[in-house]
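The residues making up each chain are set out below.
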Amino acid sequence: MLLLIIGALAALIRLCVIAHEPLSSWLSGRIELTSPITSWNSLLEGLELYRRGIDPYSGDVFHGQPLLLYLFYNLEDYHYLVIPALFTIADVLTAFVLRSFSSNILRYIYKRQSTDFSNGFVHKDSKDIMITVNHVNKLPDYVSIVYLLNPIAIATCGTKSLLIFDNLFVSCALLSVSRGNRIVSVFFLALSTYMSFYPIFLVIPCIWLLLSDSISPPPKINIEKRSSTFYFNFTIAFQFASYIIAYCFWLAGFVGLSYLMMGAKYDFLRATWGGILLAPDLTPNMGLFWYMFIEMFEHFRSFFICVFQLHIGIYVLPLCIRLHDNQYATLWLLCGLIAVFKAYTNLGDASLYLSLLPTWAYCFGYLRQVFAIILCALVSTAMAPFMFRVWLVTFNPNFFYAMTLLYGTAQTFLIGDVFFAMLRYRYALVHGTKVKLVDGQPAVIMLNKLG
Amino acid sequence: MLFVIEIITSLLFISTLAQGSSQTDDLFTEELKLKPLPGGFLEAHFQFKTRSSFPNIAHYDLFPLAIGDIITQFHIDEFQLSLTQGYWRHALWGYSPQPTPPGAELWIWFSENPNLDIDKLWSGLTNTLSGIFCASLNSIKSSNSASPQIIFSPRGVSENVDRNRTFLRYATLPREIVCTENLTPWKKLLPCHSRGLVQLLDGIPLYSQPHHSLSVTLRRVCPHSSSPRCTDPVLELTQSILAVFDVSPNSIGEVPLKWSFSTLFKRSITRVCSLATESTVKFDVTEDSDSYKLSPKSREIISENGRNYANYKISEFISPIPGKSKSKSFTLNFNSLSAFKFPTSHATPPAVTSHRYLTGVGEEGGGVTTLITNNLHDDVDLVYMEVLPWATRVYLHTYRLQSSTNKAGIRWQYYRPGRDRLLPYHIETVLHIPARSEISLSYQFQRAHLKWTEHVPDPHHGIYIGSGVISIMSPTNHTAPNYYVIKFYNEALLVTLMTPDFSMPYNVICLSCTIVAMAFSALHNAITRIFSPTPPPSSTPKWKIWMTKVIDIVTKTIEKIKLKLGFKIKQS
């Protein structure tokens, strides 16, 4: 009940921010909140060119997909509050979708921990650190409250950034995967890949989750030994291939629709996916790409583009294998890595995975770098606008660049630390919270042996 | 002896000249028009016209060989190149007799032949012209060239009136600086290098004036037949210099204004160019001709295009053969009498004026606003073209026209969006402005961030947006057969871009890759290692452990030495 009231309040705040013209256009000019790919002004430019019969992708201002163009082209004629209402509803819906997703995650972990406990795999000392029903009921509410009342999410909604739809489609994909809904999940995965290219890295963990009923080892096997027991046969391979084919079918469907809409020309791919992958636009944002490629030697440009874009991809399989029994954690970690290392990052990209952070609250006792993370995050977010102003005055972008580096550091520390905490928690579940060495001294648990 | 040689050489000159003019259409004329302008300025317009037969240029004694080669090699129909320093203030001085924007401007009509690769010809031609005129025209690339759709119609005779616009190329370099290295090769194209009006063109006094412009125009004319269909066109090359001298008095109250060729140009004309059929100096005496005195006194007043000129034929004042009795040099002297006043601009303002400026605060974006004022008592239709560099990305959805009446409007608009590093933004609009009213056109743009190698030298100065071109199709009757086209330019704008730190490439690569490496190392560590219990770190600090080790080694060594030297070790 309280959640619904907070949801309505958050919707009202967002609607007020979008509809209030001076505030909305001031926010749209903020470099930390908008990027060339997601900016509302570039969508308006694309609409104007489309209306005049000029190919919207012949210029370099518009990078959105044709179906978005079609949607807003038809929505423009109605009441002036329709489009703000659309953005507000999308944002508030994302909050509730994330709440359901996090609730499904916690229920799954609770169920698995109960079965492990009843089979005797949990150490007797670790009963205190196990998930309780309180966690399962309370934490999803915190997830949605964080997303609804996050000032950065409100500001991103106020700029009418197209990121709102990216976040909505990714969270719908995650929710449908957690419910085991196969057709819907593949649809939303293909849609979110079509909109911004990076959710393609989420495909493998999602399919793993959908197949997990078939491939997860039975509960009678010790937690530690589960990594070596995969059940692999042709049925699973066939199912895997069918999911991949369904995904490619939907993706080809979206691309084909856009192709037909643009008069049977593939030019839009150069501007949309090419604009994301090759990062030609060097407008500053909170990411790492822009200054790197402003100052890049021409000889190495294509090499570094490939390295930076493939960098996220190298984490997919290792994380899947390491967190084989908790693929939701893989999805969360990959969402975080995409938010940090994608080509045109904003502060709004982080709001998706940060709002899911309360889901992992059960392992926060093992976080090591909390102070550093909070400090870096606060300083970088607060100082970034001022440092951008300093750039305008002193012609030196290094101040703003330092803030973007600090922001990347904060997020990197957070992702790495939560990953460490998850693994340490699992070790504590199995071996207990007080481990003693052979000679009776209390031991320190460190990452030592190469596994 | 010398005298005989001079007579023979001059007779040879005259004979070749006579032969030249009677055989073909080869012709060379030069004239200088002087006109006082409002605000205390004097306009000096030099025009050197050379005509040659077409299509095969038979002789290169008058027509320059360099230009003739270019015409045949690059299949040129018409072209104009201009190098200008300073802005022609059309609101104050009226329309320019040779309208040019500040900087360099080049437009070319190529022959309409579908087999030609116009892009290749354009880049080859810009490089060749930059070599001929010592100007950096080779920085004209596809990223600052456009093909105007309505403006820059052919100025001469051509086969068909409505030509395919892909054969027209236009580019402007507002940043180009004009200096005496451009004047010298320009002078070399003239048939008379050091005789006639060219003697007045000295770089230093000419190039310290508020406005000076140098141009080369080529077109085809039909001097013989007056019918619309031209059967034998003739190539006409016009080289012109337009300079505006500031002749206002240096101090208040200094009313007797005097200037002469020696104060303006620091030179005078001492020789006659015998290759010229006409070599004249004209002074505009239409207004207030009795408030000043010109010396030498003019022998005739002629009337041209509604204005009266005092006409001085140079050959009447200087003998073609030096050493004869006529005066050794020709200098025009101007002395004002007490009633002299400079003409005022408010008496007859020009038909249409325009003013352009930048708007916006801060550097993330900005806007351009153009004001166009129609001073006539009739409605006017005009064409306005702007070509913006790709680094200022135009938001067409912010394009607005505001006017006090609602009869003003955009009749037609052509917009070609630019591509980063490939194409500029090209906006061409046909506007209808009612009588005696003003419109304002405004739009916003976004500033792009350039790679560190793409910035021009002195990047903090900024980049220039080239002047907008306004062309009035017919200010008078639309249906009149002899309509004329007035073309003028408004201001070029300077836009500062946000510059990166040019000393930082290695640092940036290291720092950005450090963040990537930090993420990679944290995740790699957690992925490839597993937890295991380890002994807790000892509580003694490291230096104590090291000290005990060192003391241990030292004592052991001392004991060994003692043993060797025969001391007995005390057994405890």
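Counting of residues starts from 1 at the beginning of each chain's written sequence and follows it residue by residue. Chain letters start at A and ligand numbers start at 1, both assigned in the order the entries are written. For this predicted model, a pLDDT threshold of at least 70 governs which residues receive local features, and a threshold of 80 or more governs which side-chain atom pairs are given and counted, while totals over whole chains, interfaces and linings are taken from all residues. Only hydrogens and water are set aside; all other atoms, that is, all heavy atoms of the structure, feed into the side-chain values.

Quick look at the state of the cysteines
The disulfide criterion is simple: two cysteine sulfur atoms within 2.5 Å. Counting across every chain of the model gives one disulfide over all chains. Among the cysteines around Cys157(A), which has no disulfide bond, Cys16(A) carries the closest sulfur, lying 12 Å off.

A closer look at the pattern of salt bridges
Residue and element names in this part refer to chain A. Salt bridges are counted wherever a side-chain nitrogen of Lys or Arg sits within 4 Å of a carboxyl oxygen of Asp or Glu. Considering all chains together, one arrives at 28 salt bridges over all chains under this definition. The salt bridge partner of Asp 349 is Lys 342, with a shortest N-O separation of 3.0 Å. Here Asp 349 and Lys 342 have matching classes, each one buried. Residues joined in a network through salt bridges with shared partners are Glu 48, Arg 51, Arg 52 and Glu 76. Burial here depends on accessible area, computed with a 1.4 Å probe over protein chains only, as a share of the maximum for the residue type. Under 20% is buried, over 50% is exposed, and the range in between is partly exposed.

Some details on the packing of aromatic side chains
We call Phe, Tyr and Trp rings a pair once their centres come within 6.5 Å, taking the six-membered ring for Trp, and we label the pair stacked below 30 degrees between planes, edge-to-face above 60, and tilted otherwise. Per the stated rule, a full pass over the model turns up 60 aromatic pairs over all chains. Here the aromatic rings of Phe289(A) and Phe308(A) are separated by 5.3 Å at their centres, their planes lie at 90°, and the arrangement is edge-to-face. Of this pair, Phe289(A) sits in helix 14 (residues 289-294) while Phe308(A) sits in helix 15 (residues 301-313), placing them 19 residues apart in sequence. One aromatic cluster is present, built from ring pairs that chain together Phe46(B), Phe48(B), Trp186(B), Phe245(B), Phe261(B), Phe265(B), Tyr312(B), Phe317(B) and Phe330(B). Sitting over a ring, as applied to charges here, requires NZ of Lys or CZ of Arg to be within 6 Å of the ring centre and within 35 degrees of the ring normal. Here the guanidinium or amino end of Arg299(B) rests over the ring plane of Phe317(B), the centre of that ring lying 4.6 Å away. Only DSSP runs of H or I with at least four residues qualify as helices, and only runs of E with at least two residues qualify as strands; both kinds are numbered from the N terminus onward.

Examining the pairing of strand 16 (residues 365-374) of chain B
Residues and elements named next belong to chain B. Most of strand 16 sits out of view: nine of its 10 residues are buried. Pairs of strands are assigned from DSSP output, requiring at least two bridges between the strands. Examined bridge by bridge, strand 15 (residues 352-359) and strand 16 share eight bridges and lie antiparallel to one another. By the bridge assignment for strand 16, His 355 is matched with Leu 371. Bridge analysis of strand 16 against strand 21 (residues 437-447) gives 10 bridges, and the strand direction is antiparallel. Each residue of the ladder has a partner; that of Leu 371, found in strand 21, is Ser 440.

What to know about the interface of chain A and chain B
Interfaces are often sized by the amount of accessible area the parts lose when they come together. Taken residue by residue, the interface counts 70 residues in chain A and 54 residues in chain B. The contact between chain A and chain B buries some 6000 Å² in all, and 66% of this surface belongs to carbon and sulfur atoms. Where chain A packs against chain B, one counts one salt bridge. With its nearest N and O atoms 3.4 Å apart, the salt bridge here joins Arg393(B) to Asp281(A). By the criterion applied in these results, polar contacts are pairs of N or O atoms within 3.5 Å in which, for protein atoms, one can donate a hydrogen and the other can accept it, and in which residues neighboring in sequence qualify only through two side-chain atoms. Applying the counting rule to chain A against chain B returns 17 residue pairs in polar contact (both at pLDDT 80 or more). Looking at the side of chain A that touches chain B, the elements with two or more residues in it are helix 3 (40-51), helix 14, helix 15, helix 16 (316-322), helix 17 (327-341), helix 19 (370-394), helix 20 (398-431) and strand 1 (444-450) of chain A. Ranked by residues supplied to the side of chain A that touches chain B, first place goes to helix 20 of chain A with 13 residues. Should any heavy atoms of two residues lie within 4.5 Å, those residues are considered in contact. Joining two parts hides part of their accessible area as seen by a 1.4 Å probe, and the buried area is that hidden amount summed over both.

Observations concerning the packing of helix 17 of chain A against helix 18 (residues 347-355) of chain A
Residues and elements named next belong to chain A. The angle between two axes is taken between their N-to-C directions and runs from 0 to 180 degrees, where each axis is a line fitted to C-alpha atoms and a helix contributes only its stretch in contact. Closest axis-to-axis distance for the helix 17/helix 18 pair is 9 Å, and the angle between their directions is 165°. Taken together, the axis directions place helix 17 and helix 18 in an arrangement best described as roughly antiparallel. For the pair helix 17 and helix 18, the sense of crossing is left-handed. Contacts between helix 17 and helix 18 pair Trp 332, Cys 335, Gly 336, Ala 339 and Val 340 from the former with Asp 349, Ala 350, Leu 352 and Tyr 353 from the latter. When residues are grouped by polarity, Ala, Val, Leu, Ile, Met, Phe, Trp, Tyr, Cys and Pro land in nonpolar, Asp, Glu, Lys and Arg in charged, and all others, Gly among them, in polar. Within the contact of helix 17 with helix 18, the residues separate by chemical class into seven nonpolar, one polar and one charged. What sets the label is the angle itself: under 35 degrees gives roughly parallel, over 145 gives roughly antiparallel, 65 to 115 gives roughly perpendicular, and the rest give oblique. Crossings are sorted by hand: turned counterclockwise from the far helix by less than a right angle, the near helix makes the crossing left-handed, and turned clockwise it makes it right-handed.

Brief notes about the sheet that holds strand 23 (residues 469-472) of chain B
All names here are of chain B. In space, the five strands of this open sheet follow the order 19-20-17-23-24, with antiparallel pairing throughout. Taken across any chain shown, the strands that pair with only one partner, and hence form the sheet edges, are strand 19 (409-416) and strand 24 (486-489). Neighbour to neighbour, the strand axes of the sheet diverge by 15° on average, direction disregarded. Pairing between strand 17 (residues 380-388) and strand 23: four bridges, direction antiparallel. Residue pairing in the sheet places Leu 382 in a bridge with Ile 472 of strand 23.

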